[in-house]
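Report on the structure
Read off the chains here:
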Protein chains: 2
Amino acid sequence: MREFSRSLPMSLLRAREAVMRQFRPSLRQHGLTEQQWRILRALAAIGAVEVTELARTAFLLGPSLSRILRDLEARHLIERKTAKEDQRRSMVSISEKGVKLMAVVAPTSEAIYAEITRRFGTRKLADLQEMLGELEQSLAGLGSADEAIAEE
Amino acid sequence: MREFSRSLPMSLLRAREAVMRQFRPSLRQHGLTEQQWRILRALAAIGAVEVTELARTAFLLGPSLSRILRDLEARHLIERKTAKEDQRRSMVSISEKGVKLMAVVAPTSEAIYAEITRRFGTRKLADLQEMLGELEQSLAGLGSADEAIAEE
DNA sequence: CGAATTCATTTAACATGTTAAGTATCTCTC
DNA sequence: GAGAGATACTTAACATGTTAAATGAATTCG
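1. Details of the relation of the copies chain B and chain A
With an RMSD of 0.0 Å, the fit of chain B onto chain A corresponds to turning through 180 degrees and sliding 0.0 Å along the axis. Accordingly, the operation relating the two chain copies is best matched by a two-fold axis. Residue by residue, 98% of the interface of chain B is reproduced at the interface of chain A, so both copies engage with the same surface.

2. Quick word on the protein's contact with DNA strand C
Around DNA strand C, a shell composed of 26 residues is seen, among which Thr52(A), Arg80(A), Ser64(B), Arg67(B) and Gln87(B) lie nearest. For DNA strand C, the fraction of protein-proximal atoms (within 4 Å) that sit in sugar or phosphate groups is 68%. For DNA strand C, a sugar or linking oxygen lies 2.9 Å from a polar atom in the side chain of Gln35(B). At the level of elements, helix H1 (8–29), helix H3 (51–58) and helix H4 (62–74) of chain A together with helix H2 (34–46) and helix H4 (62–74) of chain B are the ones that each hand at least two residues to the surface near DNA strand C. Broken down by element, the residue count for the surface near DNA strand C peaks at four residues, all from H4(B). Of the residues contributing to the surface near DNA strand C, the split by class is six nonpolar, eight polar and twelve charged.

3. Comments concerning unusual backbone geometry
All names here are of chain A. A positive phi angle, near 60 degrees, is found at histidine 76, a position not held by glycine. Along the chain, histidine 76 turns up in the loop between H4 and strand S2 (78–82). You can call histidine 76 exposed: its relative accessible area is 53%.

4. Side note on the protein's contact with DNA strand D
As a structural note, the neighbourhood of DNA strand D is formed by 26 residues, with Pro63(A), Ser64(A), Arg67(A), Thr52(B) and Arg80(B) the closest of them. Of what DNA strand D places within 4 Å of the protein, 66% of the atoms are sugar or phosphate. Residue Ser90(B) places a main-chain N or O atom 3.2 Å away from a phosphate oxygen belonging to DNA strand D. Listing elements by their share of the surface near DNA strand D, those giving two or more residues are helix H2 (34–46) and H4 of chain A together with helix H1 (8–29), helix H3 (51–58) and H4 of chain B. At four residues, the largest contribution of residues to the surface near DNA strand D is made by H4(A).

5. A look at the interface of chain B and chain A
Facing the 57 residues of chain B at the interface are 57 residues of chain A. A combined buried area of about 6000 Å² lies between chain B and chain A, and 69% of that area is made up of carbon and sulfur atoms. Counting the contacts that link chain B with chain A gives four salt bridges. Note that Glu134(B) and Lys124(A) form a salt bridge whose closest N and O atoms lie 2.4 Å from each other.

6. So, the pairing of strand S3 (residues 90–94) of chain B
All names here are of chain B. Burial of the side chains of S3 is restricted to one face: Ser90, Val92 and Ile94 are buried, whereas none of Met91 and Ser93 on the reverse face is. Sheet topology places strand S1 (residues 49–50) next to S3; two bridges connect them, and they run antiparallel. Paired with glutamate 50 across the strands is methionine 91, a residue of S3. In this sheet, S3 lies alongside strand S2 (residues 78–82) in antiparallel orientation, the contact comprising five bridges. Note that in S3 the partner of lysine 81 across the bridge is methionine 91.

7. Thoughts on the environment of Pro63(A)
All names here are of chain A. Summarising the element assignment, proline 63 is placed in helix H4. You can call proline 63 exposed: its relative accessible area is 59%. With 30 residues separating them along the chain, proline 63 and serine 93 place their C-alpha atoms 18 Å apart.

8. Side note on the sheet that holds S2(B)
Pairing between the strands of a sheet is mediated by backbone hydrogen bonds and can be parallel or antiparallel. Spatial ordering of the open sheet is given by S1-S3-S2 (chain B), a layout of three strands whose pairing is antiparallel. With partners counted over all chains shown, the strands left at the sheet margins are S1 and S2 of chain B, one partner each.

9. Side note on the confidence of the model for chain A
Chain-level pLDDT for chain A is 91 on average; 92% of the residues reach the 70-or-more range. Of the regions scoring below 50 in pLDDT, residues 145–152 of chain A engages in five contacts with residues more than four places distant in sequence or in other chains.

10. Here we look at the environment of Val92(A)
All names here are of chain A. Structurally, valine 92 can be placed in strand S3 (residues 90–94). A C-alpha to C-alpha distance of 6.0 Å links valine 92 and glutamate 50, two positions 42 residues apart in sequence. Leaving out residues up to four positions away in the same chain, valine 92 has contacts with Leu43, Gly47, Ala48, Val49, Val51, Leu54, Leu69, Ile78, Glu79 and Arg80.

11. Let's talk about the side chain of Thr57(A)
Position of Thr57(A) among the secondary structure elements: in helix H3. Thr57(A) has contacts with Ala42(A), Ile46(A), Phe4(B) and Met10(B), leaving out every residue within four places of it along the chain.

Definitions and cut-offs
- Residues numbered from 1 in each chain as written.
- Chains lettered and ligands numbered in written order.
- Predicted model: local features only at pLDDT ≥ 70, side-chain atom pairs only at ≥ 80, totals over all residues.
- Heavy atoms only, no water.
- Least-squares fit on C-alpha atoms with pLDDT ≥ 70 in both.
- Contact = heavy atoms within 4.5 Å.
- Near = heavy atom within 4 Å.
- Polar contact = N/O pair within 3.5 Å; in protein donor to acceptor, adjacent residues only side chain to side chain.
- Helix = DSSP H or I, 4+ residues; strand = E, 2+ residues; numbered from the N terminus.
- Nonpolar A, V, L, I, M, F, W, Y, C, P; charged D, E, K, R; others polar.
- Buried < 20%, exposed > 50% of the residue type's maximum accessible area, 1.4 Å probe, protein only.
- Buried area = accessible area lost by both parts, 1.4 Å probe.
- Salt bridge = Lys/Arg side-chain N within 4 Å of Asp/Glu carboxyl O.
- Pairing = 2+ DSSP bridges.
- pLDDT = per-residue confidence, 0-100.

This is the structure we're talking about:
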């Protein structure tokens, strides 16, 4: 069997951890987790969105997002209001307090990203992201929760 | 600010998820999580190891590993015995039952990996892993839990 | 119209990630 | 050789990942 530590999943895991390790301390100082920060950024970029689309954008599963939104709302960092036409949907948006928090955190976050880019190289970073996108594309539609049924 | 969904952390997260989505159903059919599978593979490759080194090899934090080993031991998939010279250390190894389980799971797992390799391309896969390793290297020693202290 | 179905979101249950604290053992030093 | 410190591992507490089930609201279809 392939040497365990050289598998693709491990390479991806180690690389991502190396990157996230840079951001976590700064976020933590402001009481934010990686996921909470993703949600705030997504909301700031998009504006008001439904929960389902926010999940797609921030790449979080519904249950995780549901819990995090509850907490962020309790901290008044986001706002929620149910849609008038469809009572099932709720529109989520970042609050003024959330915007202010982002303004505090963003500079450090940007500086860290810049340092990572500097160390790894701008060109290599672009190449890497290109390859990661291609990898994702090449696997699209393979494990979409349909193929596994045949094995049951 | 940089378009959120194109950040390096997101690219890495999406790519890894695309890959792991392929493996999870098969592992799940055998009652294994991704992390439990990593541990079994690591043990099969290395033999008997201390918990701390296993954590390094399987890329898991101590507390996670501690819990998982407790469960795997209860399922008789691994074995543990405290070292004679140093009562603090315990040597972990895969059990016969664990080996048999691996023999059942491995073929499917290998087939999935082969399919991923085929779709993405052997050469590109090697290139990608090379770049991921370089990224990890270029960030080594940056966020080793020391630099954040200056900010406190 | 009304039951069945679909859809958006939440809750539940269990496993892991993450940081801090605890426990037991070992080592080192005076 | 006794106490301070270091080391290996575990527990605790809280946040998220993951799958299944529940809830409530809209839609479809007979």
